[in-house]
Amino acid sequence: MADSDNRARTFGTLLTAMVTPFTEDGEVDFDAAGKLAAKLVDDGCDGLVVTGTTGETSTLTDEENLGMFKAVLEAVGGRAKVIAGTGTNDTRHSVSLSRRAADLGVDGLLLVTPYYNKPSQAGVQAHFETVASATDLPVMLYDIPGRTGIAVETDTILRLAEHPNIAGLKDAKADFAAVTRVLAKTDLAVYSGDDGLTLPWMAAGALGVVSVTAHVATAQFRALVDAALAGDFATARRIHFELDPVIRGVMTRVQGAVATKQVLKWQGVLPNSVVRLPLVEPGDAELSLIRNDLAEAGMDFAA
């Protein structure tokens, strides 16, 4: 296995999958994005994924994506790794966006499995290899079959790991046997893509987490990741339990970006909780559930 410190320098160990803030009239709020990025890094993130799934990338134009990359680079470039979400279900589009992101100076790319098309594993492999070869940047694959409709099979990941630019995997498949095999057979920097699975994935050798809930509990996730990396699993387990209701509130009541923006508004970090259709803001019943979950964790946001 490659040295963990070297792998950590590629992407970081605690990465937040950033939301994309909007103004009240639905335009991208680049100023708020820069401020949010700076806060996340100040609070403990050493990497940020910009315009991934949580960043509502599928409803952003290319110019908005690139504007987000630029805003975050200006805010935290040099202090944390800036990983650009440039994966789409169109290989040529992904290549073009990846090259434009590289020209801006991002530190790496996050490439999600092509969604909706449902390609074969040979097609998945060819897609990833084509985009990864388009720049010199390190690539993190993103395996999330619940959103894309297909999983990246383990044998496909093992073959992709041989590509010189493919350096990481964000695993959101919740298949412990599969991720164990990837950890045992490759030098990929593996990250949990499920906030609640950070502890078991790191116990098996994952390097950290690409987290949504870290928006609202950055310091606790930083402490959990640091404890796991140090082999202090008693501490990591305690924090894991403390975070459980927070993760439940952010990740299970409504879509993650929707809940995150709402909590960031309650915390005074974002001025609003605006999302783009087809996402909508939480209803009263959903807000009540989220408040109750967070109150269980000692985060009290009165109605």
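Residues numbered from 1 in each chain as written. Predicted model: local features only at pLDDT ≥ 70, side-chain atom pairs only at ≥ 80, totals over all residues. Heavy atoms only, no water.

If you check an unreviewed UniProt entry, the protein appears there as 4-hydroxy-tetrahydrodipicolinate synthase from Sinomonas cyclohexanicum. Checking UniProt for the protein, the heading Function (unreviewed entry) contains the comment "Catalyzes the condensation of (S)-aspartate-beta-semialdehyde [(S)-ASA] and pyruvate to 4-hydroxy-tetrahydrodipicolinate (HTPA)." (UniProt positions renumbered as here; feature names shortened; annotations may be inferred.)

Draft legend 1. The pattern of salt bridges, seen in detail. Under the criterion given, the structure shown has 15 salt bridges. Measuring nitrogen to oxygen at the nearest pair gives 2.7 Å for the salt bridge that ties Lys261 to Glu56. Highlighted residues: Lys261 in helix 12 (residues 256–266) and Glu56 in the loop between strand 2 (47–50) and helix 3 (62–76), separated in sequence by 205 residues. Between Arg100 and Glu63 there is a salt bridge, with its nearest N and O atoms 2.6 Å apart. A residue pair is termed long-range when its members are at least 10 positions apart, and Arg100 in helix 4 (residues 91–104) and Glu63 in helix 3 qualify at 37 residues. For Glu63, a relative accessible area of 51% puts it in the exposed group. Residues joined by salt bridges that share partners form a network here, namely Asp244, Arg248, Arg253, Asp293 and Glu296. (Salt bridge = Lys/Arg side-chain N within 4 Å of Asp/Glu carboxyl O. Helix = DSSP H or I, 4+ residues; strand = E, 2+ residues; numbered from the N terminus. Buried < 20%, exposed > 50% of the residue type's maximum accessible area, 1.4 Å probe, protein only.)

Draft legend 2. Structural detail: the pairing of strand 8 (residues 208–211). Residues Gly208 and Val210 point to one face of strand 8 and Val209 and Ser211 to the other, with burial holding for every one of them. Pairing of strand 1 (residues 14–17) with strand 8, which is carried by three bridges, proceeds in the parallel orientation. Note that in strand 8 the partner of Leu14 across the bridge is Val209. Where strand 7 (residues 189–192) lies against strand 8, two bridges are found, and the strand directions are parallel. When the sheet's bridge partners are listed, Tyr191 is paired in strand 8 with Gly208. On the question of chirality, the crossover connecting strand 7 to the parallel strand 8 by way of helix 9 (residues 198–203) is right-handed. (Pairing = 2+ DSSP bridges. Right-handed = clockwise from strand over helix to strand, strands pointing away.)

Draft legend 3. Representation of the nonpolar core in the model. Membership of the largest hydrophobic core comes to 97 residues, with the highest contact counts inside it found for Leu48 and Val106. Residue contributions to this core peak at seven residues, all from helix 2 (residues 30–42). If we ignore the near neighbours within four places in the chain, the residues touching Val106 are Phe69, Leu73, Val82, Ala84, Ala101 and Leu137. (Core = buried A, V, L, I, M, F, W, Y, C linked by side-chain atoms within 4.5 Å. Contact = heavy atoms within 4.5 Å.)

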